[in-house]
Amino acid sequence: MDFFKTMERINVLHKLIKERKTGNPELLSKRIGVSRATLYNIIDELKSYNAPIAYSRAIESFFYTKPYELNLYCKIELIDDEVELKKVVGGCENISSVYFFRRKEDNFVNISRII
C-alpha cells in the first residue's frame, strides 16, 4: 500500500537526515525509491511542519539545523462492535487522520480505523 510505503520512506529519510548521511539529492532519491522531484516534495511537506531541513554541499547531506524529532506511526484496529462502529461512521473525528478499509462478510461491513 502506498500509505505504508510513504510512511516507511519518511522514517528512513528522517533517520538519514538526523545522522547527516543522506548523500546528494540524486543518491538519496534512489535510496528511498522516489524521483528527485518527489524527494523535494516530501522535504517541502516536512518543512511545512516546521522541520528545519537544510542541505550542505560541503558534507553532501541534508541535515537538521536544530534538534528535531519526527514521530510518525499508525495504529490499526479492527472495529467490530456495532456501537463503536456507529460512533466512527456517524461521528466527526478528525477525518484527515482516519482511513477506512471495508470488507463485506456475511452482510456485515467490518471497518478498520487507522488512528
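Residues numbered from 1 in each chain as written. Predicted model: local features only at pLDDT ≥ 70, side-chain atom pairs only at ≥ 80, totals over all residues. Heavy atoms only, no water.

## Describing helix α2 (residues 25-32)
One turn of an α-helix holds 3.6 residues; hence residues three or four places apart share an orientation. Quick reminder of the rule: Only protein chains enter the accessibility calculation, which uses a 1.4 Å probe. A residue is then buried if its area is under 20% of the maximum for its type, exposed if over 50%, and partly exposed in between. Elements are defined by DSSP. Helices are runs of H or I of four residues or more, strands are runs of E of two residues or more, and each kind is numbered from the N terminus. This arc describes the spread of directions from the helix axis toward the C-beta atoms. What makes two residues a contact is simply this: any of their non-hydrogen atoms within 4.5 Å. For this analysis, a polar contact is any N or O atom pair within 3.5 Å, provided that within protein one partner can donate a hydrogen and the other can accept it, and provided that sequence-adjacent residues contribute only side-chain to side-chain pairs.
Within the span of α2, buried status applies to Pro 25, Leu 28, Ser 29 and Ile 32. Taken end-on, α2 shows its buried residues confined to a sector of 100 degrees, consistent with a single buried face. Looking at the buried side of α2, the elements it contacts are α1 (2-18), α3 (36-48), β1 (53-56) and β2 (61-64). With a side-chain oxygen lying 3.1 Å from the backbone nitrogen of Glu 26, the N-terminal cap of α2 falls on Asn 24.

## Some details on the pairing of β1
What counts is decided by this rule: Paired strands are those between which DSSP finds at least two bridges.
Pairing geometry for β1 and β2, over four bridges, is antiparallel. Bridging across to β2, Ser 56 finds its partner in Ser 61. From the end of β1 to the start of β2, which pair antiparallel, there are four residues, and Glu 60 there has a positive phi angle of about 50 degrees.

## Here we look at the confidence of the model for the chain
For clarity, the threshold we go by: pLDDT expresses how confident the predictor is about each individual residue, on a scale running from 0 to 100.
Residues with a pLDDT of 70 or more make up 72% of the chain, whose mean pLDDT is 80. Contacts of residues 91-115 to residues separated by more than four positions or lying in other chains number 57 contacts, the stretch itself having pLDDT below 50.

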